[in-house]
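Fold and contact review
Spelled out from the first residue to the last, the chains are:
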Amino acid sequence: MAKPIVAIVGRPNVGKSTLFNHLIGQRKAIVEDVPGVTRDRLYDNCDWTGREFMVIDTGGIRFEEGDIFAREVKLQAELAIEEADVILFVVDAREGISAEDEQVANLLRRSGKPVVLAANKVENFDRQLEYYEFYKLGLGDPIPVSAMHGLNTNDLLDEVVACFAPAQTYEEDDNAIKIAIVGRPNVGKSSLVNAFLGEQRVIVSDIPGTTRDAIDTPFRYDGTDYILIDTAGIRKKSRIKEATERYSVIRSLKSIERADVVLVMLDATAGVIEQDQRIAGYVHEAGKANIIVVNKWDLVEKDGHTMNKFDKDIRQDLKFLAYAPLMYVSALTKRRIFKLLELVDFVAEQHSRRINTAELNRVVNEAMMLNPLPGGGGKKVKIYYTTQVRTAPPTFVFFANQPDSVHFTYLRYLENVLRQNFGFEGSPIRLLVRQKSGKD
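Description of the structure in this document. (Residues numbered from 1 in each chain as written. Predicted model: local features only at pLDDT ≥ 70, side-chain atom pairs only at ≥ 80, totals over all residues. Heavy atoms only, no water.)

Some thoughts on helix 8 (residues 306–317)
- With twelve residues, helix 8 extends 17 Å between its outermost C-alpha atoms, agreeing within 8% with the 16 Å of an ideal straight helix rising 1.5 Å per residue.
- Regarding helix 8, the residues found buried are Thr306, Phe310 and Ile314. Projected down its long axis, helix 8 carries its buried residues within an arc of 60°, all on one side. Along helix 8, exposed side chains directed more than 90 degrees from the buried face belong to Asn308, Lys309 and Lys312. (Helix = DSSP H or I, 4+ residues; strand = E, 2+ residues; numbered from the N terminus. Expected span 1.5 Å × (residues − 1). Buried < 20%, exposed > 50% of the residue type's maximum accessible area, 1.4 Å probe, protein only. Arc of directions from axis to C-beta.)

Let's talk about the packing of aromatic side chains
- Scanning the model with the defined rule gives twelve aromatic pairs in all.
- Pairing Tyr132 with Tyr135 gives two aromatic rings, centres 5.2 Å apart and planes at 55°, and the pair type is tilted.
- Residue Tyr132 is classed as partly exposed on the basis of its relative accessible area, which comes to 48%.
- Residue classification places Tyr135 among the partly exposed positions, given a relative accessible area of 37%.
- With 5.3 Å between their ring centres and 25° between their planes, Phe219 and Tyr226 make a pair best called stacked. (Phe/Tyr/Trp six-rings, centres within 6.5 Å; stacked < 30°, edge-to-face > 60°.)

Describing the pattern of salt bridges
- What the rule picks out here adds up to 13 salt bridges.
- Of the charged contacts, one joins Glu123 and Arg94 as a salt bridge, the two residues approaching to 3.6 Å between their closest N and O atoms. Residue Glu123 is located in the loop between strand 5 (115–120) and strand 6 (143–144), and its partner Arg94 is located in the loop between strand 4 (86–92) and helix 3 (99–111); the two are separated by 29 residues in the primary sequence. Each member of the pair, Glu123 as well as Arg94, carries the same accessibility label: exposed. (Salt bridge = Lys/Arg side-chain N within 4 Å of Asp/Glu carboxyl O.)

Here we look at unusual backbone geometry
- Note that the residue after Ala392, namely Pro393, is joined by a cis bond; omega there is 0°.
- Even without being a glycine, Asn13 presents a positive backbone phi close to 65°.
- Take Asn13: it is sitting in the loop between strand 1 (5–9) and helix 1 (16–24).

As for the nonpolar core
- If you look at the biggest cluster of nonpolar residues, it comprises 55 residues, and the most contacted ones within it are Phe89, Leu108 and Ile314.
- Sorting elements by how many residues they give to this core places helix 3 first, with four residues.
- When neighbours within four sequence positions are excluded, Leu108 is seen to be in contact with Val9, Ile81, Ile87, Phe89, Lys113, Val115 and Leu139.
- Counting residues in hydrophobic clusters, the runner-up holds 28 residues, among them Val193, Ala331, Leu340 and Leu343. (Core = buried A, V, L, I, M, F, W, Y, C linked by side-chain atoms within 4.5 Å. Contact = heavy atoms within 4.5 Å.)

Quick look at the sheet that holds strand 14 (residues 395–400)
- Pairing in this open sheet of three strands is mixed, and the strands run 13-14-15 from one edge to the other. Two strands in the sheet have a free side with no partner beyond their single neighbour: strand 13 (383–390) and strand 15 (430–435). Between one strand and the next, the sheet's axes are offset by a mean angle of 25°, whatever the strand orientation.
- One ladder, built from six bridges, connects strand 14 with strand 15; its direction is parallel. (Pairing = 2+ DSSP bridges. Axes fitted to C-alpha atoms, helices over the stretch in contact; angles between N-to-C directions.)

What to know about the environment of Arg220
- As for its placement among the helices and strands, Arg220 is situated in strand 8 (residues 215–221).
- Given the relative accessible area of 58%, Arg220 is considered exposed.
- Each C-alpha atom, one on Arg220 and one on Phe196, is 9.9 Å from the other, the two residues being 24 residues apart in sequence.

Now the structure itself:
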């Protein structure tokens, strides 16, 4: 299911980042009482009444002529508006309507997207006069909120979610394995797509950032249907030059969300760099099956120890993907390309694997006998039983008498036991500990 996207827009200094932080439940955006602080869009996941969506924070829209920075931030906001399913337009109730508010409102009306109008910084919710004038913008009822104090944001979110299309319209009803190819620019993602397809279906270029959009391409190999999602390269913020390339980051993250299997591409000639770690982290946190694909292997000078050294270095730099298989390929020469598809089939199956409850508890009980749980506060800690509650990613719940006393190192031990017994290669595993109902 592709998540709906909500873009928070407005002129500078109306409280967009404060509202963004409140919605995602953390202080992720920089918040200062100075216009123009938010220069890059930020994005995170949000959940309200069971509907998950992605929320994007944008820089304040200004319309000054000749200001290069203002033009770029405005372009960023316009791109966010284009990508969004719903626009959350924030205005300042204390200052009232400004000329820039009216210009932003005109921009939003032209977009044709659903708009929810948030009158922020309201101090007295009984006084409609504080926000009544915003009806003049012609965007429906202004919803009074105080983002700073989190007041009335429930009503705001109700209105936002009401604008979403029914959940089923986001479902993809095919049985094909959806493969997202992600990585920083110029590691060979588009070349890999072309190697799979045997033709120039997407543009391949040596210029970083050529692919702007996520391009879905269905194909069949050896009786199996696939959909390739070639994503724009994700690069470190400090090196981003063009607004459209910033925009591509969000589309890449959306592609990760939609995928069944993610190919995390590395450049063999560069090794693992910090941005590769960030991208791999996105994939792991999203709970997606994944394969580490080392491209341009044909350009590496080799001896009898080269691959072992690469294995060791990559495992060291991407420790959190210890479960992910490694594949060395050359998109240019097509070396091991179709071996890679066989591996995709395998990790997709592992990602969707369900374990019989009796067998699961037998393995966990044996593991606890070999390595008993440490005590907690003088009382013996017990795990009574285990169940798998979902697949993709495989998620297990351990019911215990003292959930808070089950240390994360013991959960890591149990994860290793589950992998040794059941595989789950290429798939993250989620382990949860819950309170057992009733008495011991």
